[in-house]
Amino acid sequence: MHEDILINVTPFETRVALVEQGAVQEIHIERSIQRGYVGNVYLGKVARVLPGMQSAFIDIGLERAAFIHVADLRQNRTERNQGSATTPIEKLLFEGQSLLVQVIKDPLGTKGARVSTQISIAGRMLVYLPFDPHIGVSQRIGSDADRIELRERVSRLMPKDEKGGFIVRTQAECATDEEISADQQYLRTLWTRIQERIREQGAPSVLYTDLSLAQRVLRDMVTPNTQSIIVDSRTVVQEMKEWAQIYTPSVLERISHHKGSRALFDTAHVDEEINRALSRRVDLKSGGYLIIDQTEALTTVDVNTGGFVGGRNFDDTIFKTNLEAAIALARQLRLRNLGGIIILDFIDMDDPAHRESVLQELQKALAKDRTRVTINGFSQLGLVEMTRKRTRDSLAHQLCEPCPTCQSRGSVRTARTVCYEILREVLREAKQFNPKEFRILAAQEVVDLFLEEESQHLAVAGDFIGKPISLEVDPHYSQEQYDIILL
């Protein structure tokens, strides 16, 4: 299945859209003032050790201290592989200690970045593990024969003085020995530079930053199915071609500059897809729809038949809606970059064969996802529980912020509730002060209600306090905002 990669570049941000058969599948955004930190290597300083949580906070020079768990310490990974007991974190780290760490998860919400001492540096064909003399192969390479052959090739091409190891990426399947050797040399050179900076710089400091988004596209996103890489910036096209000339010559001819009169993202309706991806509701072609809700703990997806009545019977309608929902859901997870725990509430199906078919369709659709996904099947409550690895913010968290009107509740107080709140406040003020008049400044909806259905209660309040109460609309006020002015 052919795919195209569109890259929109502006001075303030770079946006990447992966388009498959005319439909946008993934959106990646990198803003110049808030680049992601995953993959960056830091010389950090231990700020605090928490024995009760078997974790520690590491100062790496960011706004919030990074977090490391005992399981992310290289020493303990080695001990577990040897079958030994895990050493407590308080015996491995102490406050003020310098520590070489790599960010494995960006800061999310109020949480700092998560880091590990197991350093890995990604290349085009390989991932270098300077502290782990092991050769692994990507799980996406399904053939055992291919996995064995690749492992032997990489082992044979390794320099004799190499003390580290490598993980073979899927891009290495079609690579020549020369390309693999070049990738090994490139990664070893990067590691040498990092070691030099450790000796030159103090903690906390950054030792290595990952590639820009446009370069990561060439390293991580391009596959044999990639038909074209279209960029709307001549400068970035040149930079990408220079990088590709050295590290990925095979993709050089696929990089091109967008020359059309229409904006690049308009050609594939990308901005429209982004707007739809920020909505709770996803409409299906059949008339059914999904409702997607993100919370701090998990994401829930509810499937509804809506106006779809196209099946031969009710069970058939439900089955077809769930099948379509499974395909749409897999795309939405990639498009919105939803991660963590995800609960899927498909419409209840009595036929076990239908359940199995829906699950297989979901697994088939998720096979295209580069992010690791685990599906646990249907629970006793008829829910599908799954997880998707989360390393960066979702699209909604990148582009949106909590609602200032409802303080992120997802709802606002009704106009009538606000009216009664105002009347109670007027009564309280009348007991403490003795003005000539009370003037209420409020939103149009609240004032209209006071003039119509709540006019009698407003009049009763005025008679009770013995003062006139006047109304004034402030067009800048939200429905919950109001002021009471004493005149």
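Residues numbered from 1 in each chain as written. Predicted model: local features only at pLDDT ≥ 70, side-chain atom pairs only at ≥ 80, totals over all residues. Heavy atoms only, no water.

**What to know about the overall build of the protein chain**
Next, step 1: Looking only at helices and strands, one finds 13 helices and 24 strands in the protein chain.
Next, step 2: In terms of overall size, the protein chain is more extended than a compact globule, its C-alpha atoms giving a radius of gyration of 29 Å where 487 residues would be expected to give roughly 23 Å.
Next, step 3: Based on the C-alpha atoms only, the size of the protein chain along its principal axes is roughly 95 × 65 × 55 Å.
Next, step 4: Every one of the 487 residues in the protein chain was classed for burial, and the buried ones make up 44%.
Next, step 5: Look at the contacts in the protein chain between residues 6 or more apart in sequence, and 65% of them connect residues 24 or more apart.
Next, step 6: Total accessible area on the protein chain is roughly 25,900 Å²; 49% of this is exposed by carbon and sulfur atoms.
Next, step 7: Side chains of the protein chain carry 60 positive and 68 negative charges; the gap between the two charge centres is 4 Å. (Helix = DSSP H or I, 4+ residues; strand = E, 2+ residues; numbered from the N terminus. Rg over C-alpha atoms; globule rule 2.2 N^0.38 Å. Buried < 20%, exposed > 50% of the residue type's maximum accessible area, 1.4 Å probe, protein only. Contact = heavy atoms within 4.5 Å. Areas by Shrake-Rupley, 256 points an atom, 1.4 Å probe, with all protein chains shown as cover. Lys, Arg positive; Asp, Glu negative; His and termini not counted. Charge placed at Lys NZ, Arg CZ, Asp CG, Glu CD.)

**Remarks on the nonpolar core**
Next, step 1: Residues Ile-5, Leu-218, Ile-229 and Met-240 are the most contacted members of the largest nonpolar core, which totals 47 residues.
Next, step 2: Take this core: its biggest share by element is six residues, from helix H3 (residues 177-200).
Next, step 3: Both domains that meet at this core, namely domain 1 (3-35 + 211-270) and domain 2 (40-208), each give it at least three residues.
Next, step 4: For Met-240, the contacting residues outside a window of four places in its chain are Ile-7, Ala-214, Leu-218, Ile-229, Val-231 and Ile-255.
Next, step 5: With 27 residues, the next largest nonpolar core counts Ala-325, Ala-328, Met-349 and Leu-359 among its residues. (Core = buried A, V, L, I, M, F, W, Y, C linked by side-chain atoms within 4.5 Å. Domains from an automatic or database assignment.)

**Quick word on empty space enclosed by the protein**
Next, step 1: Applying the stated criterion across every chain yields a total of one cavity of 30 Å³ or more.
Next, step 2: Estimated volume of the largest cavity: approximately 30 Å³.
Next, step 3: As for the largest cavity, its lining consists of Phe-346, Ile-347, Asp-348, Met-349, Arg-355, Phe-378 and Gly-382.
Next, step 4: When grouped by side-chain class, the residues that make up the lining of the largest cavity number four nonpolar, one polar and two charged. (1 Å grid on protein atoms, 1.4 Å probe; cavity = no way out; pocket = protein on both sides within 12 Å on 5 of 7 lines; lining within 4 Å. Points joined across faces, edges and corners; volume = space filled by probe spheres on them. Nonpolar A, V, L, I, M, F, W, Y, C, P; charged D, E, K, R; others polar.)

**Brief notes about helix H5 (residues 234-247)**
For the α-helix, the turn length of 3.6 residues means that residues three or four positions removed from each other point alike.
Next, step 1: In this model, H5 (14 residues) spans 20 Å end to end at C-alpha, consistent with the 20 Å of a helix rising 1.5 Å per residue.
Next, step 2: Turning to H5, its buried residues are Val-236, Val-237, Met-240, Trp-243 and Ala-244. Looking down the long axis of H5, one finds its buried residues gathered within 135 degrees of arc, a one-sided arrangement. Turned more than 90 degrees away from the buried face of H5 sit Arg-234, Thr-235 and Ile-246, all of them exposed.
Next, step 3: Those residues of H5 hidden inside the fold are in contact with strand S1 (3-9), helix H4 (213-221), strand S14 (226-231) and strand S15 (255-257). (Expected span 1.5 Å × (residues − 1). Arc of directions from axis to C-beta.)

**Points about the pairing of strand S7 (residues 98-105)**
Next, step 1: Strand direction decides the pairing type here: strand S4 (residues 41-50) and S7, joined by five bridges, are antiparallel. Each residue of the ladder has a partner; that of Lys-45, found in S7, is Ser-98.
Next, step 2: Note that S7 and strand S8 (residues 114-116) share three bridges and pair antiparallel. Across the sheet, residue Gln-102 finds its bridge partner in S8, namely Ser-116. (Pairing = 2+ DSSP bridges.)

**Comments concerning the sheet that holds strand S12 (residues 165-168)**
Next, step 1: Reading across the sheet, the four strands line up as S9-S10-S12-S11 and stay open at both edges, with mixed pairing between neighbours. Looking at which strands have only one partner, the edges of the open sheet turn out to be strand S9 (121-122) and strand S11 (135-137).
Next, step 2: Examined bridge by bridge, S11 and S12 share three bridges and lie parallel to one another. The partner of Gly-136 across the bridge, within S12, is Ile-167.
Next, step 3: Docked against the sheet, helix H2 (residues 144-157) engages strand S10 (126-129), S11 and S12, running at close to 145 degrees with respect to S11. (Axes fitted to C-alpha atoms, helices over the stretch in contact; angles between N-to-C directions.)

**Some remarks on the packing of helix H11 (residues 415-432) against helix H12 (residues 444-451)**
In a pair of packed helices, the angle between the axes and the distance between the axes together describe the arrangement.
Next, step 1: Contact geometry of H11 with H12 gives a least axis separation of 9 Å together with a crossing angle of 75 degrees. Looking at the two axes, H11 sits roughly perpendicular to H12. Of the residues in H12, those in contact with Ala-415, Arg-416, Val-418, Cys-419, Ile-422 and Leu-423 of H11 are Glu-445, Val-446, Leu-449 and Phe-450.
Next, step 2: For the contact of H11 with H12, a count of residues per class yields eight nonpolar, no polar and two charged. (Parallel < 35°, antiparallel > 145°, perpendicular 65-115°, else oblique.)

**Side note on the domain arrangement of the protein chain**
Next, step 1: Splitting the protein chain by domain gives domain 1 (3-35 + 211-270), domain 2 (40-208), domain 3 (279-399) and domain 4 (415-486).
Next, step 2: The centre of domain 1, based on its C-alpha atoms, is set 28 Å off from the matching centre of domain 2.
Next, step 3: Contacts between domain 1 and domain 2 engage eight residues on the former and seven residues on the latter.
Next, step 4: When domain 1 packs against domain 2, the two sides together hide about 750 Å² of surface, and 47% of this comes from carbon and sulfur.
Next, step 5: It is Arg-219, Asp-220 and Tyr-247 in domain 1 that bury the most area against domain 2; as a group they hold 56% of the surface buried on that side.
Next, step 6: Seen at the junction of domain 1 and domain 2, the total is one salt bridge.
Next, step 7: A salt bridge links Asp-220 to Arg-169; its shortest N-O distance comes to 2.9 Å.
Next, step 8: If you look at where domain 1 meets domain 2, you find three residue pairs in polar contact (both at pLDDT 80 or more). (Buried area = accessible area lost by both parts, 1.4 Å probe. Salt bridge = Lys/Arg side-chain N within 4 Å of Asp/Glu carboxyl O. Polar contact = N/O pair within 3.5 Å; in protein donor to acceptor, adjacent residues only side chain to side chain.)

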